[in-house]
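Read off the chains here:
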Amino acid sequence: MELPGETRPCPRGHLLDLPWEDILVPHILCHLPLRQLLSLQRVSKPFQTLIQLYLANMRCFDSSQVGPHLPKAAFCNLLKDNKVLQHLALQNCSDWLTDKELLPVIGQNHHLQEIQLSSCLQLSRHALVAISLSCPNVRCLSLAHCEWVDSLSLRSLADHCKGLESLDLTACRQLKDEAICYLVQKCSRLKSLSLAVNANVGDTAVEEIAKCCRELEHLDLTGCLRVKNESIRVLAEYCTKLRSLKVKHCHKVAESSLSILRGRGVELDVELPLQRALVLLQDGVGFAPFINLQI
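The structure reproduced in this document is the subject of the present report. (Residues numbered from 1 in each chain as written. Predicted model: local features only at pLDDT ≥ 70, side-chain atom pairs only at ≥ 80, totals over all residues. Heavy atoms only, no water.)

### Section: helix H11 (residues 255-263)
- Where H11 is concerned, the buried positions are Glu-255, Ser-257, Leu-258 and Leu-261. Angularly, the buried residues of H11 cover 155° about the axis, an arc narrow enough to put them on a single face.
- Trailing H11 by a residue or two, Gly-265 shows a phi angle of about 90°, which is positive. (Buried < 20%, exposed > 50% of the residue type's maximum accessible area, 1.4 Å probe, protein only. Helix = DSSP H or I, 4+ residues; strand = E, 2+ residues; numbered from the N terminus. Arc of directions from axis to C-beta.)

Following this line, the structure appears as structure tokens:
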């Protein structure tokens, strides 16, 4: 019997008493670092079961959140039951990731929208074909320094993933103008594209990019030695939404073509030649400062 003025002690609650699928997984665990969540598995059997449920329902997986070196066995165990991934970043797995580990994950996650595979050198063209067939809704794909990307696998990507908005093909040196042209004809929604460090890319590809990708905002042509002024002028004519262009080490691209974009406010990674800069300064302030060019 409760006496007057006496307060009844509140029953002690436990974190695991909260609804798992409605509260813990979508609203609490998602705010904790993945590395800490994995440590929770060692607390008790119920916590291990809870974390396994979370891993099966998480939408994003970034290997860097686990640590600088994610073991192969741990990767396979973490994602074996997940079929709802939307974002997958595996740069930290580049030392060991092969088709054997990646393809099962790709094959059971058809809702992937962003995939980061930069420098995953041990994969093969079959990985890109698997992505194109299993992930038709992919929007952002990074394949930088994946030299296994060839024209046939890129054609498969273009045929099946026409909603691509961002694609990084930096140092994919097997690709030539013909493959790039086919890509942009199919994937006209591209807003960001990198073809950097590929001496096979020339004016033909850049002009086709300009004519097909009117929504393009960012283009990286760093080190594309065959690109010349003509294609940059076409780019300036057609890509009116362009915000940044990288042409460093493109020795055949001169200020005569870049000035159109520079005047439009497009961010460029090459500085304005000194003589031209002095002319613009004089026009703006009414005089040119004395600079001893012999120093």
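Here the narrative resumes, following the displayed structure.
### Quick look at the sheet that holds strand S5 (residues 166-168)
- Across the sheet, which stays open at both edges, the nine strands sit in the order S1-S2-S3-S4-S5-S6-S7-S8-S9 with parallel pairing between neighbours. With partners counted over all chains shown, the strands left at the sheet margins are strand S1 (60-62) and strand S9 (267-268), one partner each.
- Where strand S7 (residues 218-220) and strand S8 (residues 244-246) come together, three bridges link them in parallel fashion. Across the sheet, residue Asp-220 finds its bridge partner in S8, namely Lys-246. (Pairing = 2+ DSSP bridges.)

### As for the packing of aromatic side chains
- By the definition in use, this model includes two aromatic pairs.
- Relative to Phe-75, the ring of Phe-61 lies with its centre 6.3 Å away and its plane at 55°, an arrangement referred to as tilted. Taken together, the residues Phe-61 in strand S1 and Phe-75 in helix H4 (residues 72-79) connect sequence positions 14 residues apart. Note on accessibility: Phe-61 and Phe-75 belong to one class, buried.
- Among the aromatic residues, those joined into a cluster by ring pairs are Phe-61, Phe-75 and Trp-96. (Phe/Tyr/Trp six-rings, centres within 6.5 Å; stacked < 30°, edge-to-face > 60°.)

### Description of the side chain of Ser-257
- Mapped onto the elements, Ser-257 comes out in helix H11.
- Polar side-chain contacts of Ser-257 include one of 2.7 Å to the side chain of Asn-229. (Polar contact = N/O pair within 3.5 Å; in protein donor to acceptor, adjacent residues only side chain to side chain.)

### A few points about the pattern of salt bridges
- As enumerated under the stated definition, the model contains 10 salt bridges in all.
- Here Glu-101 ties to Lys-72 by a salt bridge, and the two come within 3.9 Å at their closest N and O atoms. Here Lys-72 lies in helix H4 and Glu-101 lies in helix H5 (residues 99-107), a separation of 29 residues in the sequence.
- A relative accessible area of 39% means that Lys-72 is categorised as partly exposed. (Salt bridge = Lys/Arg side-chain N within 4 Å of Asp/Glu carboxyl O.)

### Some details on the layout of surface pockets
- Considering only enclosed or pocket space, the largest pocket measures out at about 200 Å³ in volume.
- What lines the largest pocket is simply Glu-21, Val-25, Pro-26, Cys-30, Leu-53, Tyr-54, Asn-57, Met-58, Arg-59 and Cys-60.
- Mapped onto the lining of the largest pocket, the elements with two or more residues apiece are helix H1 (20-28) and helix H3 (45-57).
- Taken together, the residues of the lining of the largest pocket break down into seven nonpolar, one polar and two charged. (1 Å grid on protein atoms, 1.4 Å probe; cavity = no way out; pocket = protein on both sides within 12 Å on 5 of 7 lines; lining within 4 Å. Points joined across faces, edges and corners; volume = space filled by probe spheres on them. Nonpolar A, V, L, I, M, F, W, Y, C, P; charged D, E, K, R; others polar.)

### Looking at the state of the cysteines
- Under the defined criterion, the tally for this structure stands at zero disulfides.
- Of all cysteine sulfurs, the one in Cys-135 lies closest to Cys-161, which takes part in no disulfide; the gap is 7.2 Å.
- Of the residues examined, Cys-161 reaches a relative accessible area of 0% and is grouped as buried. (Disulfide = S-S within 2.5 Å.)

### Observations regarding helix H8 (residues 177-186)
- Across the 10 residues of H8, seven count as buried, placing the element largely inside the fold.
- Contact partners of the buried residues in H8: helix H7 (151-160), S5, strand S6 (192-194) and helix H9 (203-212). (Contact = heavy atoms within 4.5 Å.)

### Some details on the environment of Asn-82
- For Asn-82, the position within the fold is in the loop between H4 and strand S2 (87-89).
- Asn-82 sits in the buried class, given a relative accessible area of 0%.
- Not counting the four nearest positions on each side in its chain, Asn-82 is found in contact with Leu-55, Ala-56, Asn-57, Met-58, Gln-108 and Asn-109.
- Reaching out from Asn-82, the side chain makes a polar contact with the backbone nitrogen of Leu-85 at a distance of 3.1 Å.

### Observations concerning a nonpolar patch on the surface
- On the surface, Leu-15, Leu-18, Ile-23 and Ile-28 cluster together to form a nonpolar patch covering roughly 270 Å² of accessible area.
- Its place among the elements puts Ile-23 in helix H1.
- For Ile-23, a relative accessible area of 31% puts it in the partly exposed group. (Patch = residues over 30% accessible without salt bridge, like charges linked within 9 Å, V, L, I, M, F, W, Y side chains within 5 Å. Areas by Shrake-Rupley, 256 points an atom, 1.4 Å probe, with all protein chains shown as cover.)

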